[in-house]
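Next come the chains, spelled out residue by residue.
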Amino acid sequence: MKKSLTAIQPSGILHLGNLIGAIEPAVQLQETSQLSMFIVDYHAMTVPQKPVELRKNILFAAAAYLGCGIDPVKTTMFQQSRISEHTELAWILNCVAKIGELERMTQYKDKSQKLNVKSQSEGVSVGLFDYPVLMAADILLYDTEVVPVGEDQKQHVELARDLAERFNKQFGETFVIPEPKIRAEGARIMGLDDATKKMSKSATSAKSYISLMDESDVIRKKIMSAVTDSGTEIRTDRNRPAITNLLTIFSIVTRRSVESIEHSYVGKGYGDFKKDLAEAVVSYLDPIRAKIQTYLADETELKHILNDGAERAKKQAQFKMHRIRQKLGITL
Ligand code: TYM
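Bear in mind that the values here come from a model prediction, so they are computed numbers and not experimental data.

Participant: Got a sec to walk through the packing of helix 1 (residues 16-32) against helix 13 (residues 270-296)? Specific residues and values, please.
Facilitator: Taken N-terminus to C-terminus, the directions of helix 1 and helix 13 make an angle of 75°; their axes are 13 Å apart at the nearest point. One way to sum up the angle between helix 1 and helix 13 is to call them roughly perpendicular. Contact with helix 1, carried on its side by Leu-16, Leu-19 and Glu-24, involves Tyr-284, Leu-285 and Ile-288 of helix 13 and no other residues of that element. Taken together, the residues that form the contact of helix 1 with helix 13 break down as five nonpolar, no polar and one charged.

Participant: Lay out the environment of Val-253 in plain terms, naming residues and giving numbers.
Facilitator: One can find Val-253 in helix 11 (residues 241-254). On the accessibility criterion, Val-253 (10% relative accessible area) is buried. Separated by 31 residues in the primary sequence, Val-253 and Tyr-284 place their C-alpha atoms 6.1 Å from one another.

Participant: Give a detailed account of the site of the ligand, specifying residues and quantitative values.
Facilitator: Around the ligand sit 28 residues, and of these Gln-9, Tyr-131, Asp-138, Asp-152 and Ile-189 come closest. Between the ligand and Asn-18 there is a distance of 3.0 Å, counted from an oxygen atom to a side-chain nitrogen or oxygen. Within the side chain of Tyr-131, one N or O atom sits 2.3 Å away from an oxygen atom of the ligand. Protein burial of the ligand: of its 720 Å² of free accessible surface, 98% is covered by the chains. Of all the secondary structure elements, the ones that give two or more residues to the shell around the ligand are strand 1 (2-8), helix 1 and helix 8 (126-140).

Participant: For the domain arrangement of the protein, give the residues involved together with the corresponding values.
Facilitator: One can read the domain layout of the protein as domain 1 (2-181 + 299-328) and domain 2 (206-293). Measuring from the centre of the C-alpha atoms in domain 1 to the corresponding centre in domain 2 gives 30 Å. Taken together, the 12 residues of domain 1 in the interface contact 13 residues of domain 2. Summing the contributions of domain 1 and of domain 2, the shared interface buries around 1200 Å²; its carbon and sulfur component is 75%. Here domain 1 is connected to domain 2 by one salt bridge. In this structure, Glu-24 and Arg-255 form a salt bridge, with 3.5 Å as the shortest nitrogen-oxygen distance. Seen at the junction of domain 1 and domain 2, the total is four residue pairs in polar contact (both at pLDDT 80 or more). Put simply, the parts of the chain that give the side of domain 1 that touches domain 2 at least two residues each are helix 1 and helix 3 (51-68). Of all the elements, helix 3 adds the most residues to the side of domain 1 that touches domain 2, at five residues. Split by residue class, the side of domain 1 that touches domain 2 holds nine nonpolar, two polar and one charged.

Calculation notes
- Residues numbered from 1 in each chain as written.
- Predicted model: local features only at pLDDT ≥ 70, side-chain atom pairs only at ≥ 80, totals over all residues.
- Heavy atoms only, no water.
- Axes fitted to C-alpha atoms, helices over the stretch in contact; angles between N-to-C directions.
- Helix = DSSP H or I, 4+ residues; strand = E, 2+ residues; numbered from the N terminus.
- Parallel < 35°, antiparallel > 145°, perpendicular 65-115°, else oblique.
- Contact = heavy atoms within 4.5 Å.
- Nonpolar A, V, L, I, M, F, W, Y, C, P; charged D, E, K, R; others polar.
- Buried < 20%, exposed > 50% of the residue type's maximum accessible area, 1.4 Å probe, protein only.
- Near = heavy atom within 4 Å.
- Polar contact = N/O pair within 3.5 Å; in protein donor to acceptor, adjacent residues only side chain to side chain.
- Areas by Shrake-Rupley, 256 points an atom, 1.4 Å probe, with all protein chains shown as cover.
- Domains from an automatic or database assignment.
- Buried area = accessible area lost by both parts, 1.4 Å probe.
- Salt bridge = Lys/Arg side-chain N within 4 Å of Asp/Glu carboxyl O.

See the structure below:
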């Protein structure tokens, strides 16, 4: 069985983009590969966090994984900070990574600009800059072959590949070279209020995203007020990003092809289309939200599942770190 791995930040809100771009592909991969799926609490710390909130968000992320269909028996599900080998390997990879390649990371450039600080060098944390190296360590520690992620994370997986190749060249075969797995449709779900920006939890308006915890009426309102392009046809078109995005969502939540949906709306308007889309999203998310709520109500069980996953992950991580230290010549 191939080894696959993915992770999500515990930021309190998980949205339809996270579900479509990463969680759903992971749920499918757990049937055909050995999946590790974890909660990257150390990555979340690259922006300020309140301890009480962070703890709550870690448990929420665990409940969300389970509610979306992650099976903790098939999948090793854990909290990143429980496995100290992640940060240990990140240090080693820091000595392989170059400042220039981290400066080229699009997400770092976007996020550091958004912080709106007087000077980048004084106001942006080293953690935010170094974030992709910790992500490379997450991936390489488990001999990962496949990394299901949304399109925005592709550049980070490519960095992990570069670091693995550089390390292997210098110290001999040590790391497996991972492949990003980006779905053909839905790898970049766009904002409902601005279809030129990806759906994001850090958007200024909550109208941009549909949270997995949004109640049915909130989902309906958000979809009915989603922006549309000029023209009235319900048809995908590179120059009409808003309707293209809505059609992509419709197709994924109903498992119908875009062409068949387009066909159903010939001669109809945006009003009919959005109403049906809203109901389709409600039917898709309602059972997921209910399951998440059930898991959230049992903190003891969530902690038990995360402990069990951490024990399994720790064994793999310790074994790999032992080999890495030998390669580096620091095992006496
Ligand atoms: P994060 O927490 O920002 O996002 C989690 C996953 O959701 C995907 N995603 C989207 N997919 C489609 N459309 C969108 N609008 C959208 N927004 C987010 C992301 O691509 C991601 O797959 N650095 C990572 C977490 C991480 C990781 C890892 C992932 C840390 N270590 C190792 C894979 C392997 C992050 O911040 O994702």
